[in-house]
Amino acid sequence: IVLLFTGFVVTKHYLAERKSTEGRLRRSEEKTKAILQTVGEGIIAIGPLSRIRFVNQELCGIFGYSREELVGQSIQLVIPERYRDAHAAGVKRYLDGGQSKILGHRVELEGLRKDGSVFPIELKVHETRINKATDRFFTAAIRDITKRKRTQDALREQEERFRKIFEEGQLG
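Residues numbered from 1 in each chain as written. Predicted model: local features only at pLDDT ≥ 70, side-chain atom pairs only at ≥ 80, totals over all residues. Heavy atoms only, no water.

1. A look at the side chain of T146
Quick reminder of the rule: Numbering of helices and strands runs from the N terminus, with a helix taken as a DSSP run of H or I at least four residues long and a strand as a DSSP run of E at least two residues long. By definition, residues are in contact when any of their heavy atoms lie within 4.5 Å.
Along the chain, the position of T146 falls in helix 5 (residues 146-171). If we skip the residues at most four places from it in the chain, T146 touches R113, F119 and P120.

Okay, here's the thing in structure tokens:
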């Protein structure tokens, strides 16, 4: 009877500890999800076969898709046609042991919205490996930089106009 009671106490303690651990894990996952959903940048994760595993709400807004329309699809869905072959070749080269030109660097590229419009984006891609090579994926933080590009273009045009006015004033 003492052995049975001891076993019951140990089992009860184990179950309580497990329930507590599961609760902490669940809260941690909820915090991580909340951070990813409110970070202010589009976040997308793809696997080695270029299938979308995760997107946050910001990314959905940037590209005009719902989460359900993106998860499970090929990343090619949001890459303009003219870049698709280069992207596929770059991923293959990297997975075959080569170097990446963009991993860890912020680069300006173009994205493809659901409505078919192409627009400027800035992205930074990182690779994550869990359990060595058994689970690897790529996560990108993406910004729509359309407004910034328009502002830069307007400033460049204005500088050019002022330069012409100044040069013409010097000659006149």
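Still more ground to cover, so stick around.
2. Remarks on the sheet that holds strand 2 (residues 52-55)
Which entries qualify depends on this criterion: For two strands to count as paired, DSSP must find a minimum of two bridges between them. Axes here refer to lines fitted to C-alpha atoms; in helices the fit is confined to the stretch in contact. Angles between the N-to-C directions go from 0 to 180 degrees.
Strands sit in the order 2-1-5-4-3 across an open sheet of five strands; the sheet is antiparallel. Two strands in the sheet have a free side with no partner beyond their single neighbour: strand 2 and strand 3 (106-112). With direction set aside, neighbouring strand axes in the sheet form an average angle of 35 degrees. One ladder, built from three bridges, connects strand 1 (residues 42-46) with strand 2; its direction is antiparallel. Residue I46 lies in a different strand from strand 2, and its bridge partner there is I52. Contacts from helix 4 (residues 81-95) reach strand 3, strand 4 (118-130) and strand 5 (135-144) within the one sheet, and its direction differs from that of strand 5 by about 145 degrees.

3. Quick word on the pattern of salt bridges
This is how it is decided: The working definition used for a salt bridge is a side-chain nitrogen of Lys or Arg within 4 Å of a carboxyl oxygen of Asp or Glu. Exposure categories follow from relative accessible area, calculated using a 1.4 Å probe and restricted to protein chains: below 20% of the type maximum is buried, above 50% is exposed, and the middle band is partly exposed.
Under the counting rule described, the total for this entry stands at 15 salt bridges. The residue E122 makes a salt bridge to R106 at a minimum N-O spacing of 3.5 Å. Of this pair, E122 sits in strand 4 while R106 sits in strand 3, placing them 16 residues apart in sequence. Owing to a relative accessible area of 7%, E122 belongs among the buried residues under this scheme. R106 sits in the partly exposed class, given a relative accessible area of 39%. Look at the salt bridges and you will find they share partners, linking E41, R106, E122, R143 and R148 into a network.

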